[in-house]
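# Inside the fold
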Amino acid sequence: MLFAHDTDCSLIAAAALVNTDGPDGDGLPDIAALDAFYLAHAYTGRHEHTEAELRSVRDLRPRLRRIWYADTDEVVAVVNGLLRENHALPQLIKHDDEPYHFHAVPRDAPLAARIAVEAAMAVADLVRYGELSRLRICDHPDCANVLVDLSKNRSRRFCDAGCGNRAAVTAYRARKAATRP
């Protein structure tokens, strides 16, 4: 494990949230999709199931996406802004059979605030350890998804949308075509 479990989970959830806003449409089209995202990323605490909550989570996506494209100083500005705006106060918390980990806003804070602060805290760890290079853009030429490379050898190149498979198929077909008479 490279980072604390909560850091890994928050980075993966942040990338997944950013990737819901893509050229193929909105991956959070309705409250049901937000409910599924909430469950898939094991969020706990307050969840209102409202259009206002959905809008506030959607509104967070462009700010988080900036982190993947920014230099270190801009990343720090985004992180500090998210922490400041949401009145983050880091504390060690233990719940749901999880070991002690950081929460920086109460469990009854709005979902968008919790997502923002958890992502900011996780990215702060990357900044502190000089590991921002683990935040990447998918290498597939037709994809703009972001990813978090948590592999030990920093070898991950493709997002979770099947781009690695598409690249492998393309390479295979190119090799086959090159061997034909």
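In the block above lies the structure referred to throughout.
The paragraphs below set out a description of the structure included in this document. Keep in mind the model is a prediction, meaning the values are calculated, not measured. (Residues numbered from 1 in each chain as written. Predicted model: local features only at pLDDT ≥ 70, side-chain atom pairs only at ≥ 80, totals over all residues. Heavy atoms only, no water.)

## Section: the overall build of the protein chain
Regarding its fold elements, the protein chain presents six helices and six strands. For the protein chain, the sequential pattern of α-helices and β-strands runs α-β-β-α-α-α-β-β-α-β-β-α. Counting only C-alpha atoms, the protein chain reaches 65 × 35 × 35 Å along its principal axes. Burial analysis of the protein chain (181 residues in total) assigns 39% to the buried set. (Helix = DSSP H or I, 4+ residues; strand = E, 2+ residues; numbered from the N terminus. Buried < 20%, exposed > 50% of the residue type's maximum accessible area, 1.4 Å probe, protein only.)

## Some thoughts on the nonpolar core
With 43 residues, the main nonpolar core has Leu 64 and Trp 68 as its most contacted residues. Elements that contribute at least two residues to this core include exactly helix H1 (5–19), helix H2 (31–40), helix H3 (51–69), helix H4 (72–85), helix H5 (111–128) and strand E6 (146–148). No other element matches H5, which puts ten residues into this core. Sequence-distant contacts of Trp 68, defined by excluding residues within four places in its chain, comprise Leu 11, Ala 14, Ala 15, Val 18, Leu 135, Arg 136, Ile 137, Val 146, Leu 147 and Val 148. If you look at the next biggest cluster of nonpolar residues, it comprises six residues, including Cys 143, Leu 147, Phe 158 and Cys 163. (Core = buried A, V, L, I, M, F, W, Y, C linked by side-chain atoms within 4.5 Å. Contact = heavy atoms within 4.5 Å.)

## Looking at the side chain of Arg 65
Checked against the element boundaries, Arg 65 lands in helix H3. For the buried Arg 65, no salt bridge is present, and the opposite-charge side chain at shortest range is Asp 21, 5.5 Å distant. Setting aside residues up to four positions removed in sequence, Arg 65 forms contacts with Val 18, Asn 19, Asp 21, Ala 144 and Val 146. (Lys, Arg positive; Asp, Glu negative; His and termini not counted. Salt bridge = Lys/Arg side-chain N within 4 Å of Asp/Glu carboxyl O.)

## Section: the pattern of salt bridges
If you walk through the whole model with that rule in mind, you get eleven salt bridges. Close ionic contact of Arg 46 with Glu 48 constitutes a salt bridge, the shortest N to O distance being 2.2 Å. On the basis of relative accessibility, which here comes to 35%, the residue Glu 48 falls in the partly exposed class. Here Asp 125 makes a salt bridge to Arg 128, at a shortest N to O gap of 3.4 Å. With Asp 125 and Arg 128 both in helix H5, this residue pair falls three residues apart, about one helical turn. Ionic contacts of the salt-bridge type, sharing partners, join the residues Asp 26, Arg 58 and Arg 61 into one network.

## Some points on the packing of aromatic side chains
Under the defined criterion, the tally for this structure stands at three aromatic pairs. Between Phe 3 and Tyr 129 the ring centres are 6.3 Å apart and the planes differ by 45°, which places this aromatic pair in the tilted class. Within this pair, whereas Phe 3 is found in the segment before H1, its partner Tyr 129 is found in the loop between H5 and strand E5 (135–137), the two being separated by 126 residues in sequence. Residue classification places Phe 3 among the buried positions, given a relative accessible area of 7%. Aromatic rings pair up to connect Phe 37, Tyr 38 and Tyr 43 into one cluster. (Phe/Tyr/Trp six-rings, centres within 6.5 Å; stacked < 30°, edge-to-face > 60°.)

## Digging into the state of the cysteines
Using the criterion set out here, one finds zero disulfides in the structure. Cys 9 carries a free sulfur, and the closest cysteine sulfur to it, the one in Cys 159, is 19 Å from it. The exposure class assigned to Cys 9 is partly exposed, which follows from its relative accessible area of 34%. (Disulfide = S-S within 2.5 Å.)

## What to know about the side chain of His 47
Its location among the elements puts His 47 in the loop between H2 and H3. Taking the relative accessible area as the measure of exposure, His 47 reaches 13% and is therefore buried. Among the polar contacts made by the side chain of His 47, one reaches the side chain of His 49 at a distance of 3.3 Å. Within the local environment of His 47, its side chain forms a polar contact with the side chain of Glu 53, the two groups lying 2.7 Å apart. When near neighbours in sequence (up to four residues on either side) are disregarded, His 47 contacts Leu 34, Asp 35, Tyr 38, Glu 53 and Leu 111. (Polar contact = N/O pair within 3.5 Å; in protein donor to acceptor, adjacent residues only side chain to side chain.)

## Quick notes on the environment of Ala 4
Relative to the helices and strands, Ala 4 resides in the segment before H1. The class for Ala 4 is partly exposed, based on a relative accessible area of 39%. Separated by 162 residues in sequence, Ala 4 and Arg 166 have C-alpha atoms that sit 32 Å apart.

Nothing here speaks to function; it is geometry throughout.
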